[in-house]
Amino acid sequence: MSEAGVSATRREVDPGRKYGIMLNNNSNSWKCIYCKKYFNTGISCLKQHLRGDHRNAKACNLYPLHVREELIRNKQMKEDEIAARNLALQEE
Ligand SMILES: [Zn+2]
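Residues numbered from 1 in each chain as written. Predicted model: local features only at pLDDT ≥ 70, side-chain atom pairs only at ≥ 80, totals over all residues.

Per an unreviewed UniProt entry, the protein goes by the name BED-type domain-containing protein and belongs to Brassica rapa subsp. trilocularis.

This is the structure:
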């Protein structure tokens, strides 16, 4: 009987965490593992930096292309999930 353990291991890991290092145990402070740029405004800024899809975030130019593709795919999946959930709610 370890249902809690199963759900914990199945929980999705934020892909941004693989490409950043958390600083001082502060979830708002991250360092890009490729260009070593610091972010103190949360992991979403790090991910914007890696995807290069936000006008306020300077895109990373040292990371491999597959990282950008993975992050963009992940973001798209999340958006699809939210859209599907909203649709389901509307139909109820
Ligand atoms: Zn970077």
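There is more to say after this.
> Where do I start with the UniProt feature "domain: BED-type" (unreviewed entry) in the protein in this structure?
Feature annotation in UniProt places "domain: BED-type" (unreviewed entry) on residues 26-55, given in this structure's numbering. This span, residues 26-55, is 30% helix and 30% strand, and a straight line between its end C-alpha atoms measures 25 Å. (UniProt positions renumbered as here; feature names shortened; annotations may be inferred. Helix = DSSP H or I, 4+ residues; strand = E, 2+ residues; numbered from the N terminus.)

> Sorry if this is basic, but what is going on with the pairing of strand β2 (residues 26-32) here?
The side chains of a regular strand alternate, residue by residue, between the two faces of the sheet. Bridge count between strand β1 (residues 20-23) and β2: four bridges; the pairing is antiparallel. Across the sheet, Met22 pairs through a bridge with Trp30, a residue of β2. What sits between the antiparallel neighbours β1 and β2 is a turn of two residues, in which Asn24 has the positive phi angle 55°. Sheet analysis places β2 next to strand β3 (residues 38-39), joined by two bridges and oriented antiparallel. (Pairing = 2+ DSSP bridges.)

> How do you make sense of unusual backbone geometry when you look at a structure like this?
The phi angle of most residues is negative, glycine excepted, and most peptide bonds adopt the trans form. With a phi close to 55°, Asn24 is a non-glycine residue in the positive phi region. Examined against the element boundaries, Asn24 turns out to sit in the loop between β1 and β2. By C-beta crowding, Asn24 is classed as exposed, having 8 other C-beta atoms within 10 Å. Positive phi, normally seen in glycine, also occurs at Lys36, with a value near 65°. The topology assignment puts Lys36 in the loop between β2 and β3. Since 9 C-beta atoms lie within 10 Å of it, Lys36 is described here as exposed. (Buried ≥ 20, exposed ≤ 12 C-beta atoms within 10 Å, placed from the backbone.)

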